[in-house]
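Each chain, written out:
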Amino acid sequence: MPLNVKLSASNSTTPSMFFLTGIPGLEDMHPWISIPFSTVFTVALLGNSTLLYVTKMEPALHKPMFYFPSMLAVIDLVLSLTTTPKMLSIFWFNTQEITFSTCLVQIFFLRSLLELVELLAMAFKKYVAICNPLSYSSILTTSLVVKNGLLALARAAGLMLPLPFLLSCLLYCCSHIISHCYCKHVAVVELTCANTRFSNITMVLFIVGLDLLFVRLSYLRILRIMLSLALKEDRLKVFGTCLSHRTGSSPLTFILTGIPGLPMSSYWMALPLCCLYLLMLLGNCTLLWMIKTDRSLHTPMYYFLSMLAVADLGLSLSTLPTMLAIFWFESTSLRFEACIVQMYFIHSFSAIESGVLVAMAFDRFVAICYPLRYASVLMTSLIMKAGGAIFMRGICVVLPVAILIKKMPFCRSHVLSHSFCLHQDMLRLVCGDVRVNSLYGLTAVILTKGLDSLAILLSYIMIIRAILNIVSQEARAKAFSTCISHLCAVLIFYIPLIGLSIIHRFGKHLPTLTHTLLADAYLLVPPVLNPLVYSWKTKHIRRRILVLLCRRGTQQQV
């Protein structure tokens, strides 16, 4: 039944079916919107399931500090499984119908507000840990945590169970179309003939208001205790326990290393490093400025090139602070949280750059194999969707890696073998079971760089096949020349990556200098060489740079 068909307003009965619209105004884009939604759903399942598995299998995590986050993970899984499958069925298969009973079940789980109850319980845990630290173990016992979880479940079920029955008793005289991707209580109530405003406000104030009030009171008491401490370091430490839930055995700092065989404060190494970073910044920023200001470069090929420049900038700026700090100021220590953030951005931008190279390979494939359909296939809207999907994939796939390693205990040496934080390097220092971390890390690499390299390979097989079918030798050379810049970028990115992966797994006997140089090449060489390659091999960019330099020279002579 199409959505534009409205049911009669006089039909004041209980409906058998509702119709979900998805995202209003973006119905044509639903297949593309499903990509980031699917990625987020997959990350939610993997992240929360991994957290539960690690908490269950690791005896060191059988503490109240970790029982509460595991409850929160269960709630997040239930909420994701309640809404996301129906959302994806709308985006993928356009199945907008949902039965009235299914809609009521979905509302029940969404309105149970279990997550807010668990946030209240976690606030109470923090209150006990800070305000009564000596009584923490005796108050927050395992039995009390279990009772707390069961009480939260019973409270949510008891308060929300009457809600579906009340909704089933109401008469619906409006259209049966819900302008959401799932059944929302407020949206369903708006379709009824009765006035339910007072009951809605009362329910929200009674449930949400009381929980927020207790959470606020807990943190006011925590703040009061924190301000009464004399030392600033103690205040920051207390406040830090409310911001993160890190294991007590994790180190406060990691020690970064420079290049083996060279002194830490090596100006001879710092000077070329600074030159490389300046060249990277100048090259990529110049590319972005030219593509933005020159309308003749507003084509798919250069849009993808600007995405590559953004990824290169992000990758370089993720490593710049620690590398310069080591070689200029001999500052080798890095806090645990800062190391995780750096590791996250390095791997995220690396995954983004890999995805951009796939998009550029597809651009070349369409341009050579289907030149007459190039403009109709690679429209601006498609490029924006592809760019958004690439960035969302890089952000979401790497997020569980950071979450998993944040929960790990570190009891070995805190010395890393690079000038920055990499996942494999940090995992080497963990003293717990790292099978889940290693498995997910390998899965993430296969889902990003593994599939990307396969897609690029298939694209170039099709491109070579199309080029060989061209009769004219001159036309073949011209077609292949349009791919040279992209091929160079692919080789510059994947050769150091493959070398680093092989050495990390099979080259443990090799000198430390080999590991260090390959890791530095993997992160420093592509951002520096990519703008140089594209500036030299791409006629439009080279011409634009020469015009810019000639104009500057003329202005200086005048």
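Draft legend 1. How the structure looks around the overall build of the protein. When helices and strands are tallied, the protein shows 20 helices and five strands. For the protein, with 558 residues in total, the buried portion stands at 45%.

Draft legend 2. How the structure looks around the packing of aromatic side chains. Tallied over the entire structure, the rule returns seven aromatic pairs. Note on phenylalanine 254 and phenylalanine 336: the rings are 5.9 Å apart at their centroids and 45 degrees apart in plane angle, and the pair reads as tilted. Of the two residues, phenylalanine 254 is situated in strand 4 (residues 253-255) and phenylalanine 336 in helix 13 (residues 336-369); the sequence distance between them amounts to 82 residues. For the residue pair phenylalanine 254 and phenylalanine 336, the accessibility class agrees, reading buried in each case. Relative to phenylalanine 365, the ring of phenylalanine 362 has its centre 6.3 Å away and its plane inclined at 35 degrees; by these criteria the two rings are tilted. Placement of the pair is phenylalanine 362 and phenylalanine 365 together in helix 13, with a separation of three residues, close to one helical turn. Looking at phenylalanine 365, the relative accessible area reads 16%, which means it is buried. Over the aromatic face of tyrosine 370 sits the side chain of arginine 373, whose NZ or CZ is 5.8 Å from the ring centroid.

Draft legend 3. Local environment of the side chain of serine 318. Along the polypeptide, serine 318 turns up in helix 12 (residues 300-329). What makes serine 318 buried here is its relative accessible area of 11%. Contacts of serine 318, omitting those with residues within four sequence positions, involve Gln342, Phe345, Ile346 and Phe349.

Draft legend 4. Looking closely at the state of the cysteines. Inspection of the entire model under this criterion finds one disulfide. We note that cysteine 274 lacks a disulfide partner, and the nearest cysteine sulfur, in cysteine 275, lies 7.0 Å from it. Accessibility expressed as a relative area gives 18% for cysteine 274, which makes it buried.

Draft legend 5. Spotlight on the confidence of the model for the protein. Looking at the protein as a whole, the pLDDT averages 75, with 73% of positions reaching at least 70. Taken element by element, the protein is modelled with least confidence in helix 4 (residues 114-131), mean pLDDT 54, and with most confidence in helix 13, mean pLDDT 90. This stretch, residues 1-11, has a pLDDT under 50; its non-local contacts, to residues over four places away or in other chains, come to 15 contacts.

Draft legend 6. Seen up close, the sheet that holds strand 3 (residues 177-178). The strand order across the open sheet built from three strands is 2-1-3, with neighbouring strands paired in mixed fashion. Two strands lie at the open edges of the sheet, namely strand 2 (97-99) and strand 3, each paired on one side alone. Where strand 1 (residues 17-20) lies against strand 3, two bridges are found, and the strand directions are parallel. Each residue of the ladder has a partner; that of phenylalanine 19, found in strand 3, is isoleucine 177.

Draft legend 7. Main features of the pattern of salt bridges. As enumerated under the stated definition, the model contains four salt bridges in all. Between aspartate 363 and arginine 364 there is a salt bridge, with the nearest N and O atoms lying 2.8 Å from each other. For the pair aspartate 363 and arginine 364, a shared accessibility class is recorded, and that class is buried. Among the salt bridges present, the one from aspartate 452 reaches arginine 393, with a minimum N-O distance of 2.7 Å. You can see aspartate 452 sitting in helix 17 (residues 435-468) and its partner arginine 393 sitting in helix 15 (residues 380-406), a full 59 residues away along the chain.

Draft legend 8. Just the side chain of histidine 486, in detail. Note on placement: histidine 486 falls in helix 18 (residues 473-506). Residue class for histidine 486 comes out buried when judged on its relative accessible area of 2%. Only 2.8 Å separates the side chain of histidine 486 from the backbone oxygen of leucine 357, close enough to count as a polar contact. Apart from residues no more than four positions distant in its own chain, histidine 486 is found in contact with Leu357, Met360, Ala361, Tyr460 and Tyr534.

The rules we used
Residues numbered from 1 in each chain as written. Predicted model: local features only at pLDDT ≥ 70, side-chain atom pairs only at ≥ 80, totals over all residues. Heavy atoms only, no water. Helix = DSSP H or I, 4+ residues; strand = E, 2+ residues; numbered from the N terminus. Buried < 20%, exposed > 50% of the residue type's maximum accessible area, 1.4 Å probe, protein only. Phe/Tyr/Trp six-rings, centres within 6.5 Å; stacked < 30°, edge-to-face > 60°. Lys NZ or Arg CZ within 6 Å of the ring centre and 35° of its normal. Contact = heavy atoms within 4.5 Å. Disulfide = S-S within 2.5 Å. pLDDT = per-residue confidence, 0-100. Pairing = 2+ DSSP bridges. Salt bridge = Lys/Arg side-chain N within 4 Å of Asp/Glu carboxyl O. Polar contact = N/O pair within 3.5 Å; in protein donor to acceptor, adjacent residues only side chain to side chain.

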